[in-house]
Amino acid sequence: MTVETPARFSPLSQWRDSFAQLPTGVRVRELPCLTQLTLRAEPGSTAARSIEASLGITLPGPLRAEVSEDVEVLWMGPDEWLLVAPEDSRHDLLARLRSAIGDEFATVTDVSAQRTTLALSGHLVREVLARGCAIDLDPRVTPVGSCLTTLLAQAPITLVVRGEGASSVWLLVRASFASYLATWLLDACTEYRGS
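Residues numbered from 1 in each chain as written. Predicted model: local features only at pLDDT ≥ 70, side-chain atom pairs only at ≥ 80, totals over all residues. Heavy atoms only, no water.

*Asks:* Report on the nonpolar core, specifying residues and quantitative values.
*Replies:* A general tendency of soluble globular proteins is for nonpolar side chains to be buried together. Of all hydrophobic cores here, the largest spans 33 residues; its most connected members are Phe-19, Leu-118, Leu-120, Leu-129 and Leu-171. For this core, the leading source of residues is helix 5 (residues 175–188), giving seven residues. For Phe-19, the contacting residues outside a window of four places in its chain are Leu-12, Val-28, Arg-29, Leu-118, Ala-182 and Leu-186. One finds Ala-47, Ile-57, Leu-83 and Val-108 within the second-largest nonpolar core, a separate group that totals 22 residues. (Core = buried A, V, L, I, M, F, W, Y, C linked by side-chain atoms within 4.5 Å. Buried < 20%, exposed > 50% of the residue type's maximum accessible area, 1.4 Å probe, protein only. Helix = DSSP H or I, 4+ residues; strand = E, 2+ residues; numbered from the N terminus. Contact = heavy atoms within 4.5 Å.)

Here is the structure:
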């Protein structure tokens, strides 16, 4: 039996023009259709060590993200990570991980269709996010490499700090919340139109 992979789509393709009109202090763009794989493994196990060797990285600990080549590894829980990579690397990355796991106990699941990613950058990112998120984005509290699962305007997100002072962040949001979050971001940016 052959199972066809459904075509991937961008949940926010209709928002590109609206994002382009945001104030210069906040740039928002969707990174649609990224490969997203959930990895479950016991930290320090043979499977985890094989995966680390295959990726050339140590699986990050709580509230952290690490980068290896084109793969971002986000800590999601005590034995769970989300691997984010370019869309065209999905099959290669799945094969590499499954080969590294071998007969050991660990799982890799393709969850690419669950979420989309919003890349925010600019000097006003912290101020805009503070309007709807309880996380303190001061660099002393959430330095580059922080990875937090939280709420933004009541929408569940994973927030990854990628630039100093949260000047660059990724927001990973479920596709079903993407339009709601885009609407909220546009509204939250209205008072900064002159900035």
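*Asks:* Any details on the sheet that holds strand 7 (residues 115–121)? Residues and values, ideally.
*Replies:* Read across the open sheet, the five strands follow the order 1-7-10-9-8; overall the sheet is antiparallel. Edge strands, defined here as strands with exactly one partner in the open sheet, are strand 1 (27–31) and strand 8 (147–152). Strand-to-strand, the axes of this sheet are offset by a mean angle of 30°, without reference to chain direction. Sheet analysis places strand 8 next to strand 9 (residues 155–161), joined by six bridges and oriented antiparallel. Bridge pairing in strand 9 places Leu-151 opposite Pro-156. (Pairing = 2+ DSSP bridges. Axes fitted to C-alpha atoms, helices over the stretch in contact; angles between N-to-C directions.)

*Asks:* Tell me about unusual backbone geometry, and please be specific about residues and values.
*Replies:* We note that Cys-33 has phi near 65°; this positive angle belongs to a residue other than glycine. Tracing the chain through its elements places Cys-33 in the loop between strand 1 and strand 2 (35–41). On the basis of relative accessible area, Cys-33 is assigned to the buried category, the value being 12%. Positive phi, normally seen in glycine, also occurs at Ala-153, with a value near 55°.

*Asks:* I'd like a rundown of the packing of aromatic side chains, residues and numbers included.
*Replies:* A full pass over the atoms with the stated rule returns one aromatic pair. Their ring planes at 25° and their centres at 6.4 Å tell us that Trp-15 and Phe-19 sit as a pair that is stacked. Classification of Trp-15 by relative accessible area gives buried; the value is 14%. Looking at Phe-19, the relative accessible area reads 6%, which means it is buried. It is Arg-162 that lies over the ring of Trp-170; its NZ or CZ is 4.0 Å from the centre. (Phe/Tyr/Trp six-rings, centres within 6.5 Å; stacked < 30°, edge-to-face > 60°. Lys NZ or Arg CZ within 6 Å of the ring centre and 35° of its normal.)

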